[in-house]
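Report on the structure
What follows is each chain in one-letter form.
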Amino acid sequence: MKYFAGIDIGSTAIKIVLVDENERIEAHQVSATGSHFHRNTVEALGRLIEQTGFSRGDIAYITSTGYGRKLFKEADESVSEITANGAGAGAGRVSGEVRTIINIGGQDSKVILLDRDGHIKNFVMNDKCAAGTGRFLEMTARNLGMEVEDLGALHHKAQAPLTINSTCTVFAESEIISQLAHGHNREEIIAGVHYSIARRIVRLAKRVGIEDTVFFDGGPALNAGMVSALEDELMRKVVVPELPQLTTARGAALLARSAWIGTGEQVNV
Amino acid sequence: MSVDNERWERMKKTAQVHLAMEARETLTRMEDSFSNGPGAMQYFYDLHRASYCDGTPLRTAGKTIGTLCVQVPEELIYAAGAVPLRLCSGAYAFDQIGADFLPAKSCPLIKATLGMLHIGPPAFAGSLSLIVNPSTCDQKKKAGEMLEDFGYPVYHLEMPPAKASEEARVYWRQSIKKFSRVLEKTTGQRITEKRLADAIARVRSAQTAYRRLRDFMKSATPPIRGTDVMVVTNAYFFDDIGKWTGAVNALCNELESRTGTGASATLRHAPRILFTGSPPVFPNLKLPLLIEESGGIIVADEVCSASRLLNDMVAFDEPHLYDMIPAVADRYLKPCTCPVFTSSEDRKRKLVEQAQSFDADGVVYQSFAGCMPYELEQRLVGKHLAEAEIPMLSIETDYSPDDAGQLATRVEAFMESLKGRARRKANDEVRMMK
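Residues numbered from 1 in each chain as written. Chains lettered and ligands numbered in written order. Predicted model: local features only at pLDDT ≥ 70, side-chain atom pairs only at ≥ 80, totals over all residues. Heavy atoms only, no water.

Comments concerning the environment of V232(B)
Residues and elements named next belong to chain B.
- With respect to the element layout, V232 can be found in helix α9 (residues 226-236).
- A relative accessible area of 0% places V232 in the buried class.
- Taking the C-alpha atoms as reference, V232 lies 22 Å from H18; in sequence the two are 214 residues apart.
- Excluding anything up to four places from it in sequence, V232 contacts M41, F44, L213, W244, V248 and L251. (Helix = DSSP H or I, 4+ residues; strand = E, 2+ residues; numbered from the N terminus. Buried < 20%, exposed > 50% of the residue type's maximum accessible area, 1.4 Å probe, protein only. Contact = heavy atoms within 4.5 Å.)

Structure representation (structure tokens):
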């Protein structure tokens, strides 16, 4: 059995997914990118291979994606995270279902539109500003003395979400601090942050158009409060995959498999 | 005020150093990545090096008339005994100077052009007898006024806001007639029939050479890159027209001799791109270079720094001024697809026609941040292209080098999706044949 690796080198985290010849996920890993992303990626891949008990030779093809993709020369190929995310969300293989993919990453967000046949039709990205991205959630957690993973649980305990007016993450931090000083509770602030991000995402998404079914991936999709706020702002339900943080890496792995197998079975995004 | 003078001289020197650095970087990127390219391109690379890096003066005699915007009739300038010099700047160095006194959100081309002229005309230009500023977009209009404020002699060439109506045609013809008299006064030389006929012929030779070059891009294996064609057209801004025409013909001769040898500027199945929108002016070939470095090839363009500069010819019936001057006027209005006009019909139609005749796989639409006309037309054009099933990627950018990574992601994703489309089309064709 041969295995294929998809490595998504993001600004915050390195995600690796190994799939087998039948596209089953064999192993996966998330680790911090840190400042030395090349070295950390090499180490992360090494650790994952050790964990599975395979040898490096069992990995027939590596496809890298994410902002660090070009510098990771150990990969056989690199693809843009848009194509990888599309592949991971089922583009090119599942027709008629997923039409809009919303991804919120560590410091960017994107919306990808698929056509009726599941191929990428259009996309829009926000990578100039950290508002509406994972950074905003990290900043919020930090100021509330919490872990990012625990934000979601408090979302529904809010009586009503607070409106966060600042569009900039840096200024929103000051706003949050001031609200805490005025006696507002954590729950209201967290819910407010989720709605603020959701509103920005919907504004971005409208530039390419929103069509059912909407698929939501990226680390923040693990946050139940974020999902809820997004559904409210989109006015429709969204589908969140298992392991949403790994969708792009999984897409890269599927593309790796497809590249190795050859034209007969190529995933055509 | 010797302290001010010193600071002024320092600013000029620093700007010149920055400009040279930018130009050198663009040229190196281009020369290094096309190792077996046609030798005749060296003329154009060297010309840019001489002007932008070394500040070598290109013209020593005669009057130079600066032009902003592509609607200024060059034929009339030549007929009046002067030489036109397109002033639109693509330098980030000058954009940063313009940013000192222009609004943050204004168009980078305006900032760069005004920044450049603020510290004096380009080193290679010599002095400008006149600057002609057509009243195209809002920012160009105000730029003209600001240049007067800097002390330049500026002539505001009045353009109509529409082009299809008879009123617009008459208005423009009158504007051109008036302009021809201003030219004569500036140069002290009358525009005679013979001089105008000669000028029209000279420009036509240049345009013929350009078309020859451009047609090579129709090939399935283009022998030259789109960015090279842009360097050639950029040279037209400031090179001697006779020399330029000769150099383009020499390049075409070399390309002809390479046809059939398998020499191609790009890999097979490279996505063929039609580039449109805000003009890439040297050294700001950021987006075109990115497209070609990401595996695409720009086979055609609809920008005023390249094809729109040279594509349309003057056509007159009678070799008399009463026919030739209106014919010149028509050439600069009727085929113009600048987004400043009330209708974008002509531009939309032209884009589809170009995409088809150059077999483009997709369109990349560049708008400069702050360029309202191009940004507003993006939606209209996008819709029209979508109806013709031509994929389009919209990119908003400016002259700063800091968004290269972000643009790369978008451009690569677009190339990947075009390759996917091409593969599917090929698979469908194979299936249909079976």
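Focus: helix α15 (residues 372-387) of chain B
Residue and element names in this part refer to chain B.
- The first and last C-alpha atoms of α15 sit 24 Å apart over 16 residues, in line with the 22 Å expected at 1.5 Å per residue.
- The principal kink in α15, of about 35°, is found at Q378.
- If you check which residues of α15 are buried, you get Y374, E377, V381, G382 and L385.
- Here the buried face of α15 lies against β5 (272-277), α12 (307-310), α14 (345-357), β7 (362-368) and β8 (392-397).
- E389 occupies a position one or two residues after α15 and carries a positive phi of about 60°. (Expected span 1.5 Å × (residues − 1). Bend = angle between axes of the 7 residues up to and from the residue.)

Quick notes on the domain arrangement of chain A
All names here are of chain A.
- The assigned domain composition of chain A is domain 1 (1-92 + 243-269) and domain 2 (96-240).
- The C-alpha centroid of domain 2 is placed 25 Å from the C-alpha centroid of domain 1.
- Between domain 1 and domain 2 lies a buried interface of about 1400 Å² when both sides are counted; carbon and sulfur atoms form 64% of it.
- Here domain 1 is connected to domain 2 by zero salt bridges.
- Here domain 1 is connected to domain 2 by two residue pairs in polar contact (both at pLDDT 80 or more).
- Those elements that place two or more of their residues in the side of domain 1 that touches domain 2 are α2 (81-88) and α8 (247-261).
- If one sorts the elements of the side of domain 1 that touches domain 2 by residue count, α2 sits on top with five residues.
- When its residues are assigned to classes, the side of domain 1 that touches domain 2 shows five nonpolar, ten polar and one charged. (Domains from an automatic or database assignment. Buried area = accessible area lost by both parts, 1.4 Å probe. Salt bridge = Lys/Arg side-chain N within 4 Å of Asp/Glu carboxyl O. Polar contact = N/O pair within 3.5 Å; in protein donor to acceptor, adjacent residues only side chain to side chain. Nonpolar A, V, L, I, M, F, W, Y, C, P; charged D, E, K, R; others polar.)

Observations concerning the nonpolar core
- In terms of nonpolar packing, the biggest core is built from 149 residues, with F44(B) and W244(B) touching the most fellow members.
- Considering every element that reaches this core, the biggest residue donor is helix α8 (residues 193-215) of chain B, with eight residues.
- When residues of this core are assigned to domains, at least three fall in each of domain 1 (1-92 + 243-269) and domain 2 (96-240) of chain A.
- Filtering out sequence-adjacent residues up to four positions away, F44(B) remains in contact with V231(B), V232(B), A235(B), W244(B), A247(B), V248(B) and L251(B). (Core = buried A, V, L, I, M, F, W, Y, C linked by side-chain atoms within 4.5 Å.)

Let's talk about the sheet that holds strand β5 (residues 77-78) of chain A
All names here are of chain A.
- With mixed pairing, the five strands of this open sheet are ordered in space as β3-β2-β1-β4-β5. Here the strands that pair on one side only, and so sit at the sheet edges, are β3 (25-32) and β5.
- Note that strand β4 (residues 59-65) and β5 share two bridges and pair parallel. Following the sheet pairing, S64 is matched in β5 by S78.
- Of the strands in this sheet, β1 (3-9), β2 (13-20), β3, β4 and β5 are in contact with α8, which crosses β1 at around 140°. (Pairing = 2+ DSSP bridges. Axes fitted to C-alpha atoms, helices over the stretch in contact; angles between N-to-C directions.)

Looking at the pairing of strand β2 (residues 82-86) of chain B
All names here are of chain B.
- For β2, the buried fraction is high: four of the five residues fall into the buried class.
- Here strand β1 (residues 63-67) pairs with β2 via five bridges, running parallel. Across the sheet, the residue bridging to T67 is R86, located in β2.
- On the question of chirality, the crossover connecting β1 to the parallel β2 by way of helix α3 (residues 74-79) is right-handed. (Right-handed = clockwise from strand over helix to strand, strands pointing away.)

Considering empty space enclosed by the protein
Residues and elements named next belong to chain B.
- Counted according to the given criterion, the structure contains five cavities of 30 Å³ or more.
- In terms of lining, the largest cavity is formed by 14 residues, of which the most central are T67, V72, E74, R86 and L309.
- For the lining of the largest cavity, the elements supplying multiple residues, two or more each, are α3, β2 and α13 (321-333).
- Top contributing element to the lining of the largest cavity by residue count: β2, with three residues.
- Across the lining of the largest cavity, the residue classes tally to ten nonpolar, one polar and three charged. (1 Å grid on protein atoms, 1.4 Å probe; cavity = no way out; pocket = protein on both sides within 12 Å on 5 of 7 lines; lining within 4 Å. Points joined across faces, edges and corners; volume = space filled by probe spheres on them.)

Side note on the interface of chain B and chain A
- Between chain B and chain A, the residue contacts involve 15 residues of the former and 17 residues of the latter.
- Summing the contributions of chain B and of chain A, the shared interface buries around 1300 Å²; its carbon and sulfur component is 43%.
- It is T409(B), R410(B) and R424(B) in chain B that bury the most area against chain A; as a group they hold 37% of the surface buried on that side.
- Across the chain B-chain A interface, the total number found is three salt bridges.
- Here E412(B) ties to R69(A) by a salt bridge, and the two come within 2.6 Å at their closest N and O atoms.
- Linking chain B with chain A are eight residue pairs in polar contact (both at pLDDT 80 or more).
- Here the side of chain B that touches chain A is composed, by residue class, of four nonpolar, five polar and six charged.

Structural notes on the pattern of salt bridges
Residues and elements named next belong to chain B.
- Counted under the stated rule, the structure contains 35 salt bridges over all chains.
- The salt bridge partner of R10 is E6, with a shortest N-O separation of 3.4 Å. One end of the pair, R10, and the other, E6, are both in helix α1 (residues 2-32), four residues apart, so they sit about a helical turn from each other.
- For the salt bridge of E345 with K348, the shortest nitrogen-to-oxygen distance reads 3.3 Å. With E345 and K348 both in helix α14 and three residues apart, the pair spans about one turn of that helix.
- For K348, a relative accessible area of 12% corresponds to the buried category.

A short note on the side chain of S166(A)
- Here S166(A) shows up in the loop between α4 (151-155) and α5 (169-181).
- Those residues in contact with S166(A), other than ones at most four positions away along the chain, are F171(A), A172(A) and E175(A).

Details of the layout of surface pockets
- By volume, the second largest pocket amounts to about 1100 Å³.
- Surrounding the second largest pocket, 46 residues form its lining, S11(A), T12(A), G105(A), G106(A) and Q107(A) being those nearest its centre.
- At the level of secondary structure, the elements contributing two or more residues to the lining of the second largest pocket comprise β1, β2, β6 (100-104), α3 (134-143), α4 and α8 of chain A together with α16 (404-433) of chain B.
- Broken down by element, the residue count for the lining of the second largest pocket peaks at four residues, all from α16(B).
- Looking at the lining of the second largest pocket, its residues break down into 15 nonpolar, 19 polar and twelve charged.
- Here the lining of the second largest pocket gathers at least three residues from each of two domains, domain 1 (1-92 + 243-269) and domain 2 (96-240) of chain A.

As for the pairing of β3(A)
All names here are of chain A.
- In this sheet, β3 lies alongside β2 in antiparallel orientation, the contact comprising seven bridges. Paired with V17 across the bridge in β3 is H28.
- Between the antiparallel neighbours β2 and β3 lie four residues, among them E23 with a positive phi of about 70°.

Some points on unusual backbone geometry
- A cis amide bond, omega 0°, links D212(A) with the succeeding residue T213(A).
- Its place among the elements puts T213(A) in the loop between α6 (186-206) and β9 (214-217).
- Omega for the bond connecting F282(B) with P283(B) falls within 30 degrees of zero, at 0°, which places this linkage in the cis form.
- When you line up the elements, P283(B) lands in the loop between β5 and α11 (286-293).
- At L243(A), a residue that is not glycine, the phi angle is positive and equals roughly 55°.
- With respect to the helices and strands, L243(A) occurs in the loop between β10 (238-239) and α8.

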